[in-house]
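# Descriptive analysis of the structure
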Amino acid sequence: MGKYLLRRLLNYAILLFIAVTLTYFLAATQLNPRGLFEVRNPPLDPASIEATLLQYNLSDRVPIMERWWTWFTAVLQGDWGYTVDGGHVNDEIARRMWVSLRLVTVGSILGIVLGVALGAWTATRQYKASDRAATFGSLLILATPILVIATILTILATKFNQATGVRMFEFVGETGDRGGYPLAGLVDRGQHLLLPTIALTLVGIASYSRIQRNLMLDTLGADYVRTARAKGLRKQRAVMKHALRTALIPTGTYFAFSVATLFTGATVTEQIFTFHGMGIYGVQAIQQQNVHGTVAVTAFAGVCTLTGAVLADIMVAILDPRVRLS
Amino acid sequence: MSLDLNPDHKVRRTQSGTVLSVQDLHVSFPSEAGPVRAVRGLSFDLAAGETMAIVGESGSGKSVTSLAIMGLHPDSARITGSIKLHGEELLGRSDAAMSKIRGNELAMIFQDPLSALTPVYTIGDQITETIQIHRNVSRAAATKQAVELLDLVGIPSPHLRVKSFPHEFSGGMRQRAMIALAIANDPDVIIADEPTTALDITIQAQVLDVLKKAQRETGAAVIMITHDLGVVAGVADRVTVMYAGRPVEQGTVDEIFYSPRMPYTIGLLGAVPRLDADVKEPLATLEGNPPSVVSLPPGCPFAPRCPMVQDNCLTIEPALAPTDKPLHTAACLYSSDIAAENRTYRDIFPIPAIPASPLERLPREERRSVLRLEQMQRHYPLMKGAVFRRRVGTVYAVDGIDLEIKEGETLGLVGESGCGKSTTILEVLNLKPPTGGTVVVFGKDVRDIGSGRERKTMRRDIQVVFQDPMASLDPRMPVFDIIAEPMGVHKVPKAEVERRVEELLSLVGLEPSHASRFPQQFSGGQRQRIGIARALALEPKLIVLDEPVSALDVSIQAGVINLLDELKAKMGLSYLFVAHDLAVVQHIADRVAVMYLGKIVEIGEVSEVFRHPTHPYTQALLSAIPIPDPHKERSRERILLKGDLPSPANPPSGCKFRTRCQRFATLSEGEQQPCLETMPELYVVGQDHHSACHYNRERQVV
Amino acid sequence: MSDQLGNKILMDSEVESAIEEVGSGDAQRPGDVRPTTKRLTRRRLILRRFLRNKLAVAGVGVWIFLILLALVGPMVSPWAFNDVDRRAYLKPPSQQHWFGTTQSGRDVLALTMQGLRKSLLIGLLVALISTTIAALVGSFAAYFGGWTERVALWVVDLLLVIPSFFLIAILVTGGPQGSSSWLLLVLLLAAFGWVLSARVVRSLTLSVKEREYVLAARFMGLAAPKVIIRHILPNISSLLIIDATLGIGGAVLAETTLAFFGFGVQPPDTSLGTLIAEGQRLATTFPWIFLAPATVLVIMVLSVNAIGDGLRDALDPNSQSGGKAA
C-alpha cells in the first residue's frame, strides 16, 4: 500500500511539473508586462524598462528557456518570483489562501451536508411532489450562474437593510466597523460572511443533492436492499442502513477531493463580496500581466487538485472494503 | 451439532399440516404497453417440511409469486387473492407487520448471491443483523451463532470467515452464506428463487446439498423456484408448472414427470437433452415462444404452440381441473384424452428427422483436419495498479492443450467457468500466435500468416456464434445489415448479398420479411437463429459455438440444437462447441474434451467418455448434472467436490485437480506422491479415449 | 484524480446498459409476420417517456421561443442593439423601452436579444465540438487500449490538474482581439470542455467493446475504426446526445463567468455574459439592466438542462416513470 501510494504521488508530481511548466510557457508568452510600462505617461526610458524587466526575470528579449530555468531554479528554493513593481508573489499567496479558506469553508460544508441529506431524502420519494419541487429548485440554481445568485442576494439584502434600517447584511470585504461589545469582532465577521455563505450553500445543496439522489436511486433498487428487507428490516431502515451507506462512498470521495480545493476559493464570490482571496488574485494577475503571480496561482490550484485526489483515494480506501483489501 | 435453531421464545405454531396457503393469487404491474398480468390465479397449499417446486420459463410469473408472498413486490403492483401463513392473511399487511414475519417465519434465498449481499458489511454483520432484528440477544451471542450457522452451511474456518466481506467469497460460498442468513431464525417457509442458476454445476450440487441440510435442520417448507427440471426431480415433493402467469399443471413430482397431462409440460420434458438418453435422437421442439403477458389473446395461452390445438382452445382459457388422479390437476381441455391414450411427447410433438452427414460415413482418420491445437498455451500477465501497472504474476489461462477437429465433426469443450474454455476459443478466433504451442487452422499454422489481408481471408472459413443472443447482435442495425455485414467486409457483390440474406433467413427458419426488423423485435431463440445465419453467411468450414443455447429457455433451446444438428449435416460443417451443460454436449457432440484449470483432463468419443468416465473430475462433473427423472435422480450417488476452482494465477503443484479430487483423498500417502509432484499426461484408456489421471479408474455416475 | 468522476461514470454506464434492453420485454409472437400494432417501437417508447416529463416538454417550447427571439427578434424590434436613445439614459422599463435602457441610452431588450444570439451560438458550437472530441478520444482510447489509452488518460489528467478557467483567461488576454475573437473563445471552451465526457465515453466503450456484437464484427474482419464508428458510437449515442445537451448550458455558464472578469466575448461582440457583467456593477441601484439578460440566461440554461434530464429519463428504462396502476 505504501509503495503503491508512493508511485501514485510520483505520477502526480510529474503531472504537476508538466502542467505548471506548460502554464509558465503560456503565461510568459501570452502576457506582456512590458506593455505596462509602455503605456505610462510620461514615457519611460526603454533602457530602464528593460533593466526593471531583467531584474524580475520578465524580459521577453531573454530566450524563454533561459527565463524558465531562472524561474524554475528559484521555485525549487521556494521563491515564486516578483511582479514588475517588486511585490513578492509568495507573500500574496500566503496571505490570500487563508482569506479564501475563511470565505468558503462554512458554505461548502453546509452545502455538502444539506445537499446529501436532501438528495437521499428525495430519492426515496422519487416523483412525488417534494421530489419534483427539490428537483426543480436544484435545476434552477444550477442553471443560474453564481454571479447572478450573489448579485440577486445583494439586491435583496440592500432592500432588507433599507427597509429595516438595520445593517444586518454586510457585503463589502471581510470586516467593517465593529461595535464595542464583547465578541463584536466575531459578529462583524459573521455578518460579512452571511451573504457569501448563503450563496455558496445554495449552489452546494443544488449540486450535491442531484449527485446523491442519483446515487441513491441506483442503490435503492439493489438486490441487497431487497435482501435486507427480506431479513425483516423495515423499508425505511433497510434504505438507511444498506442503500445510503453504499451510496455515500462516492460522495465521501468527492468530499475529500474538494477539501483541498477550499484554499483556491471561489473567484466570483470573492469579486462580488470584495474578499481578497486566491481566486481573485489569479484573475488580477492575468489582467495586470503578472506572469509570476499567474503561474503561482495556477500551480497552487494544481497542488490543491492533486492533494484532493490523494485524499479522495484515501477516502475510498476507508469507506469501501472492496478497495481496501485489493 | 449443538446448534439451537429453535430458540425458546419461538413456538412453532404449525407442527404439521398446511403452513402456507395461497389462493387465487393475481399480480399485475402497470407498464408502458399496458398492465403486465404477471400472475393469474395461482393456488397451492404447502405443508411443513415439504418442498414444492414452481417451474416455468422466463416471464412465467414464478419470481413475481415469490416476491408477492414475501411482500417485497414493487409498490405499483396490484395483488388480489389470499396468502395465508399459519392461517393468517398476509395480503394487505403494513410493511411494519410484514417485517416481523420476514426473516423470521418467511425467509428467502435469491438468485444472484453477489448482488444480494451488501458489499460494505461483513458476512458476519449481515447474519447477526438478521438474528438481532428478531431476537433480543447480545451481539456476542449473535456473532457466536453466526459462526455456528456458517459452519453448518459448510464454510471452512467459519470463525475467521465471519469477518470477511462478500467480495472475498466465491459465488458458491456467498450462496451458502445466503442460506445461513435465511435459516438464522429458524423459518417455517424458505423461498429459494433460482438459487443455483448463477453457479457452476459442481457448486450447484454442493449448494443443493446444503439447502437440503438446512431444510432438515429447520423442518421448514421450501418453495423452490427454478427452470431446471433436473433440479426439480431431485428436490421436489410436489410441482407447479407455470406458463404465461398461469399454473397449468400441479401434482406430485412423480405424477408430473411420469404422467404429465398438459401438452406444455409434456413438451418441456421432451425438450430437455438428457444425460441418461441411450440413443441420440432429435429433441421435441416446441415451436414459437411464450406469449407476452401484456396483451394476452383469449383462450389457452399455450394454444398457438400446441400441436393438439382445437378450435375451442382459442376461445376458452381452461382452468386447472383434476385429471385421472384427483390431486393431479392440469389446465387442458384434452387432458383426459392424453390420459386415456397415455400420450408422450413423441405422440404429440413433431420430431424432425435429421439426415446423416455424408462425411460421417468416412472414417475419422481419412477426413481432413480443420483445426488442430498442439500444446497451445495462453498465459496472461497478472497486472496490478491503476497508474503504473506492473506485473505481479501470471495467469495460466490455457496451459498446453492438444485437440483436433476433423471435417464434419463436432468437438464439445466442457468445463466450469474459469477452466480456460473461453480463452481457448478466443485464441482460435484471433488467428494470432499463442504464447506457446501452435494453432493450425485448415492445415495452416497461424504463425505463418504473413499479413493482415491473409488473416482476413482466413476469417471467411471460421465463424462464431456467441452465447447471449441479446448481446451478439448490434441493436442499432436491422437484421438484413447484421447478416449482410460479413459479406460486406469480404466484398461479396451487392446483388448476391440480397439473394443470400433471404436464403439464409429461410435456412435458419425465419421469414425473409423479417430482414427489415431490428433484433429487439425478436425473441431469444429467434435472435440466436439470426446469429447463426450471420455465421453461415460466408459459408465457413468451422463454426465456433460459445455456449449457444445456455441463455435460452428450455423450450427454445431444443429448436436451436436441432437446427445446429441439421445444418451440420446439410452443409458439412465442423463445430467447436463450448458449453458447461454436459447433457447438451452429449446430445450434439461427436467428441468431447473436459477442461480443468487450463488443461484437458479427459478427451475422447462422447459416448465413450460419458458412459465410461475414468478421470475423477469428469465423474464428478457428470454426477453433478441433475437428470429430469425423479427415481433415477434420487437413487443416484452424487460425488460432491470440495471447495472452489483454484485461481488460474496460482495453480496447485503436480496434478491441478488434486486439491478437490475425491480419489486423491482415498489414496495412501505413498500413492499421493505422484499427484503432488507431476501433472499426469493423457493416458490411453480406450478406443479414442484419453484421461489424465495417475489412477485412472472407471466409475458409473449417470 | 481518477475517482472524482467515478459516480458519474457508474451512473451513466448503467443507464447505457439498460438502454440496450429497451423493448426486449415485448418479444414478437412466434413466426408472426403480421405487423402487430400493440408493440411500441423503441423510438415511440422514448418519445412517450419524454412527453411525460412536463418540465422537459416545456423546455423544448422555451427553446423554440428563444431561438425565434434570437433570429427574428432583432428584425421586428424598433431599436437596434447599437441605437442610442439620447432622451433615455438609465431609464427603467417603459412603453418605449420594455426592459429599460443602459447608461449609454441603449435598449436593454435589443441588447439582450443580440446577446442571446451570440450565447446560443457559443453554447451550441462548444457542445457540438467538445462532444465530438470526447466521443472520438474516449472511444478510440478504450477500443485500442494499451498505450493509446494510457496517453489519452494522461492527457485528460493533465488538462484537469489546473483549472481551465485560468488557462482560457491567459489565452484570451494574449490572443487576438476583434470581431472574430469569439471563435477563439469557442475553440478554447471546447478544447477544455471535452475532458470529463471523454472519460465517461471511455468507460462506456470499455463495456460496449466486450459485447459480443463487437467481438463478432472483429472476428469477421472489420477494421477497427469501422468497428468504432459502425458499432460502438451508435450504441453510446444516447449518452452523447445527453452530454451535448447538458454541454450547451455548461458552455453558456462558463462564458458568463469569463465575461464577468472581461475574459469573455470581446467588444464589439456582445453576449448575455458581457451584458450581465456590465449590469452587475449597477445592479443594486439599476437592477433592470442586470435582471433582463440574467433572466433570459437562466431560462435558457434551465430549459436546456431540463431537456437533457428528460432525455436521460426517456432513454433510461430503469427510471420509474412508468404508468400508474390502472
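Keep in mind the model is a prediction, meaning the values are calculated, not measured. (Residues numbered from 1 in each chain as written. Chains lettered and ligands numbered in written order. Predicted model: local features only at pLDDT ≥ 70, side-chain atom pairs only at ≥ 80, totals over all residues. Heavy atoms only, no water.)

It is worth spelling out the sheet that holds strand 5 (residues 88-89) of chain B at this point. Residue and element names in this part refer to chain B. Strand order in the open sheet formed by 4 strands is 2-1-4-5, with antiparallel pairing between adjacent strands. Of all the strands in the sheet, just strand 2 (36-47) and strand 5 have a single pairing partner and so form its edges. This element, helix 1 (residues 62-70), spans strand 1 (18-29), strand 2 and strand 4 (78-85) of the sheet and lies at about 115° to strand 1. (Pairing = 2+ DSSP bridges. Helix = DSSP H or I, 4+ residues; strand = E, 2+ residues; numbered from the N terminus. Contact = heavy atoms within 4.5 Å. Axes fitted to C-alpha atoms, helices over the stretch in contact; angles between N-to-C directions.)

Residue and element names in this part refer to chain B. Taken together, 8 strands build an open sheet; the order of strands is 6-7-8-3-9-10-12-11 and the sheet is mixed. This sheet does not close on itself; its edge strands, each paired only once, are strand 6 (106-109) and strand 11 (321-322). Looking at chain direction, strand 11 and strand 12 (residues 329-330) are connected through 2 bridges and run antiparallel. Bridging across to strand 12, P322 finds its partner in T329. Packing against the sheet, helix 7 (residues 201-218) makes contact with strand 3 (51-55), strand 6, strand 7 (189-193) and strand 8 (221-226), and its axis sits at approximately 155° to strand 8.

Moving on: the interface of chain C and chain A. Taken together, the contacts link 48 residues of chain C with 60 residues of chain A. Roughly 4500 Å² is buried in total at the junction of chain C and chain A, and carbon and sulfur atoms are behind 77% of that figure. Counting across the chain C and chain A interface gives 1 salt bridge. A salt bridge links R210 of chain A to D309 of chain C, with the nearest nitrogen and oxygen atoms 2.5 Å apart. The interface formed by chain C and chain A contains 3 residue pairs in polar contact (both at pLDDT 80 or more). Breaking the side of chain C that touches chain A down by element, the ones donating at least two residues are helix 1 (6-20), helix 5 (146-161), helix 6 (164-174), helix 11 (237-260), helix 12 (272-280) and helix 13 (287-315) of chain C. Here the element with the most residues in the side of chain C that touches chain A is helix 13 of chain C; it accounts for 10 residues. A per-class count over the side of chain C that touches chain A returns 29 nonpolar, 14 polar and 5 charged. (Buried area = accessible area lost by both parts, 1.4 Å probe. Salt bridge = Lys/Arg side-chain N within 4 Å of Asp/Glu carboxyl O. Polar contact = N/O pair within 3.5 Å; in protein donor to acceptor, adjacent residues only side chain to side chain. Nonpolar A, V, L, I, M, F, W, Y, C, P; charged D, E, K, R; others polar.)

This next bit is on unusual backbone geometry. Residue and element names in this part refer to chain B. A positive phi angle, near 45°, is found at D24, a position not held by glycine. Inspection of the secondary structure puts D24 in strand 1. Positive phi values are uncommon outside glycine, yet L597 reaches one of about 50°. Summarising the element assignment, L597 is placed in the loop between strand 21 (591-596) and strand 22 (599-605). Since its relative accessible area comes to 1%, L597 is described here as buried. (Buried < 20%, exposed > 50% of the residue type's maximum accessible area, 1.4 Å probe, protein only.)

Residue and element names in this part refer to chain A. Looking at the assigned domains, one finds that chain A contains domain 1 (2-76) and domain 2 (97-319). Taken together, the contacts link 17 residues of domain 1 with 16 residues of domain 2. Between domain 1 and domain 2, roughly 1400 Å² of surface is buried when both sides are summed, and carbon and sulfur atoms account for 80% of that area. For the domain 1 face of the interface with domain 2, the top three residues by lost area are Y12, L16 and L31, together amounting to 35%. At the junction of domain 1 with domain 2, the criterion picks out 0 salt bridges. (Domains from an automatic or database assignment.)

All names here are of chain A. Relative orientation of the contacting elements helix 5 (residues 89-124) and helix 8 (residues 184-220) amounts to 35°, with a least axis distance of 5 Å. Crossing of helix 5 over helix 8 shows right-handed handedness. Considered class by class, the residues forming the contact of helix 5 with helix 8 number 18 nonpolar, 11 polar and 3 charged. (Left-handed = near helix turned anticlockwise from the far one by under 90°.)

This brings us to the pattern of salt bridges. In this structure the tally under the stated criterion is 47 salt bridges over all chains. R229 of chain A is paired through a salt bridge with D95 of chain B; the nearest N and O atoms lie 3.0 Å apart. Residue R229 of chain A is located in helix 9 (residues 223-230), and its partner D95 of chain B is located in helix 2 (residues 95-101); the two belong to separate chains. On the accessibility criterion, R229 of chain A (13% relative accessible area) is buried. For D95 of chain B, a relative accessible area of 26% gives the class partly exposed. The network of salt bridges with shared partners includes E496, R499, R500, E503 and E539 of chain B.

Turning next to the pairing of strand 22 of chain B. Along a regular strand, successive side chains alternate from one face of the sheet to the other. All names here are of chain B. Burial runs high along strand 22: 6 of the 7 residues are buried. In the sheet, strand 21 pairs with strand 22 via 6 bridges, with the strands oriented antiparallel. The residue of strand 22 that forms the bridge with V594 is E602. Here strand 21 folds back onto strand 22, and the loop between the two strands holds 2 residues, one of which, L597, carries a positive phi near 50°. Examined bridge by bridge, strand 22 and strand 24 (residues 689-691) share 3 bridges and lie antiparallel to one another. Residue pairing across strands places E602 opposite S691, the latter belonging to strand 24.

Per the counting criterion, the structure on display carries 25 aromatic pairs over all chains. A ring pair is formed by F17 of chain A and F72 of chain A, whose centres lie 5.5 Å apart and whose planes are at 70°; its orientation type is edge-to-face. Placement of F17 of chain A in helix 1 (residues 2-30) and of F72 of chain A in helix 4 (residues 64-76) is noted, with a sequence separation of 55 residues between them. You can call F17 of chain A partly exposed: its relative accessible area is 39%. Here the aromatic cluster, defined as three or more aromatic residues joined through ring pairs, consists of F17, Y24, F25, W68, W69, W71, F72 and W80 of chain A. Here K541 of chain B stacks its cationic end above the ring of F442 of chain B, 5.1 Å away from the centre of that ring. Positioned over the ring face of W147 of chain C is R150 of chain C, at 4.6 Å from the centre of the ring. (Phe/Tyr/Trp six-rings, centres within 6.5 Å; stacked < 30°, edge-to-face > 60°. Lys NZ or Arg CZ within 6 Å of the ring centre and 35° of its normal.)

Turning to helix 4 (residues 139-152) of chain B, a few remarks are in order. Residues and elements named next belong to chain B. Look at helix 4: 20 Å from first C-alpha to last across 14 residues, which is about the 20 Å you get at 1.5 Å a residue. Every buried residue belonging to helix 4 is among A142, Q145, A146, V147, L149, L150 and L152, and all of these are buried. Against helix 3 (123-134), helix 5 (158-161), helix 6 (171-183) and helix 7 lie the buried residues of helix 4. In the stretch just after helix 4, G154 is the one whose phi turns positive, near 85°. (Expected span 1.5 Å × (residues − 1).)

Residue and element names in this part refer to chain B. Within the secondary structure layout, V609 lies in helix 20 (residues 606-611). A relative accessible area of 0% means that V609 is categorised as buried. Along the backbone, V609 and E409 are 200 residues apart, and their C-alpha atoms lie at a distance of 16 Å. Among all residues touching V609, those that are not within four sequence positions of it are V592, E602, I603, G604, T618, L622 and H689.

L20 and I223 of chain B are the most contacted members of the largest nonpolar core, which totals 189 residues. Ranked by size, the runner-up nonpolar core spans 117 residues in total, among them W71, V148 and L195 of chain A together with A283 of chain C. (Core = buried A, V, L, I, M, F, W, Y, C linked by side-chain atoms within 4.5 Å.)

Below, the discussion takes up a nonpolar patch on the surface. Residues and elements named next belong to chain A. Residues V106, I109, L110, V113, L114, F255, V259, L311, I314 and I318 make up a contiguous nonpolar surface patch of about 760 Å² in total accessible area. Looking at the nonpolar patch, the elements with two or more residues in it are helix 5, helix 10 (235-260) and helix 13 (291-319). Counting residues per element, the nonpolar patch draws most heavily on helix 5, which supplies 5 residues. Within the secondary structure layout, I314 lies in helix 13. (Patch = residues over 30% accessible without salt bridge, like charges linked within 9 Å, V, L, I, M, F, W, Y side chains within 5 Å. Areas by Shrake-Rupley, 256 points an atom, 1.4 Å probe, with all protein chains shown as cover.)

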